[in-house]
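Chain residues, written in single-letter form:
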Amino acid sequence: MTIQRTFVMIKPDGVQRQIVGEIISRFEKVGLKIIGMKFIHVDSDFSKKHYSDHVEKPFYAGLEDLLVSGPVVALVLEGAEAIALVRKMVGSTAPSGAAPGTIRGDYAHMSYARADEKKIGVPNLIHASDSEESAKKEMGLWFSEAEIYDNYDTVHSKFM
Ligand code: CMP
């Protein structure tokens, strides 16, 4: 068992639908520790850095349009096998294939069904790092070291 850190972003569609609290609450309930969190509106240059693996793909324009359309919540979560755990909780990329019980499976179906008609990227609510390598890259892009707060204990808090 390895303690890992992973990067998560609640995309503009998740913020606009006012389910930020619901999503973060799911991560807290399984014991993942929030060690970085910010509300931020990124631009096109930043989108190209974040999605550098997808810039050449045919769907990139829609992906960028969605990402820069409003503020997002960026998070760094820490916990046992956090990268795989968070990916499992998020569900598969296309909301149509995301299992019930996952974040995308529970919340993204309806907006996904309307996406084509509105000609926007896949509104799948949330992004999560898919490997240790991408977690490292994404945490470094979105957060400075000074913005990471891992110096508190969730198990032995004096407030419990
Ligand atoms: P995300 O988890 O943010 O990581 C990359 C994003 O690219 C993904 O969610 C989708 O929003 C988008 N994406 C990946 N594959 C496709 C595809 N085939 N068509 C449209 N969008 C895609």
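Residues numbered from 1 in each chain as written. Predicted model: local features only at pLDDT ≥ 70, side-chain atom pairs only at ≥ 80, totals over all residues. Heavy atoms only, no water.

Asks: Help me understand the site of the ligand, please; the structure alone is not making it clear to me.
Replies: Around the ligand sit Lys-11, Tyr-51, His-54, Phe-59, Leu-63, Thr-93, Arg-104, Val-122, Asn-124 and His-127, and that is every residue in its neighbourhood. Take Asn-124: an N or O atom from its side chain is 3.2 Å from an oxygen atom of the ligand. Contact between the ligand and His-127: an oxygen atom at 3.0 Å from a side-chain N or O atom of the residue. Protein chains shield 73% of the accessible area of the ligand, which is 450 Å² for the free molecule. Classifying every residue of the shell around the ligand gives four nonpolar, four polar and two charged. (Near = heavy atom within 4 Å. Polar contact = N/O pair within 3.5 Å; in protein donor to acceptor, adjacent residues only side chain to side chain. Areas by Shrake-Rupley, 256 points an atom, 1.4 Å probe, with all protein chains shown as cover. Nonpolar A, V, L, I, M, F, W, Y, C, P; charged D, E, K, R; others polar.)

Asks: Quick question: what am I supposed to make of the sheet that holds strand 2 (residues 33-40) here?
Replies: By way of backbone hydrogen bonds, the strands of a sheet pair with one another, either parallel or antiparallel. With antiparallel pairing, the four strands of this open sheet are ordered in space as 2-3-1-4. Either end of the sheet is taken by a strand with one partner, and the two such strands are strand 2 and strand 4 (126-128). With direction set aside, neighbouring strand axes in the sheet form an average angle of 20°. As defined by bridge partners, strand 2 adjoins strand 3 (residues 72-80) across seven bridges and the pair is classed as antiparallel. When the sheet's bridge partners are listed, Gly-36 is paired in strand 3 with Val-76. (Pairing = 2+ DSSP bridges. Helix = DSSP H or I, 4+ residues; strand = E, 2+ residues; numbered from the N terminus. Axes fitted to C-alpha atoms, helices over the stretch in contact; angles between N-to-C directions.)

Asks: What am I meant to see in the nonpolar core here?
Replies: Grouped burial of nonpolar side chains is what soluble globular proteins tend to show. Counting 21 residues, the largest nonpolar core has Val-8, Phe-27, Leu-75, Leu-77, Val-86 and Ile-126 as the members making the most contacts within it. Those elements giving two or more residues to this core turn out to be strand 1 (3-10), helix 2 (20-29), strand 3, helix 5 (82-90) and strand 4. In terms of residue count, helix 5 provides more of this core than any other element does, four residues in total. Beyond its immediate sequence surroundings of up to four residues, Phe-27 is in contact with Val-8, Leu-32, Leu-77, Val-86, Met-89, Val-90, Ile-103 and Ile-126. Counting residues in hydrophobic clusters, the runner-up holds 17 residues, among them Phe-46, Tyr-60, Leu-67 and Ile-83. (Core = buried A, V, L, I, M, F, W, Y, C linked by side-chain atoms within 4.5 Å. Buried < 20%, exposed > 50% of the residue type's maximum accessible area, 1.4 Å probe, protein only. Contact = heavy atoms within 4.5 Å.)

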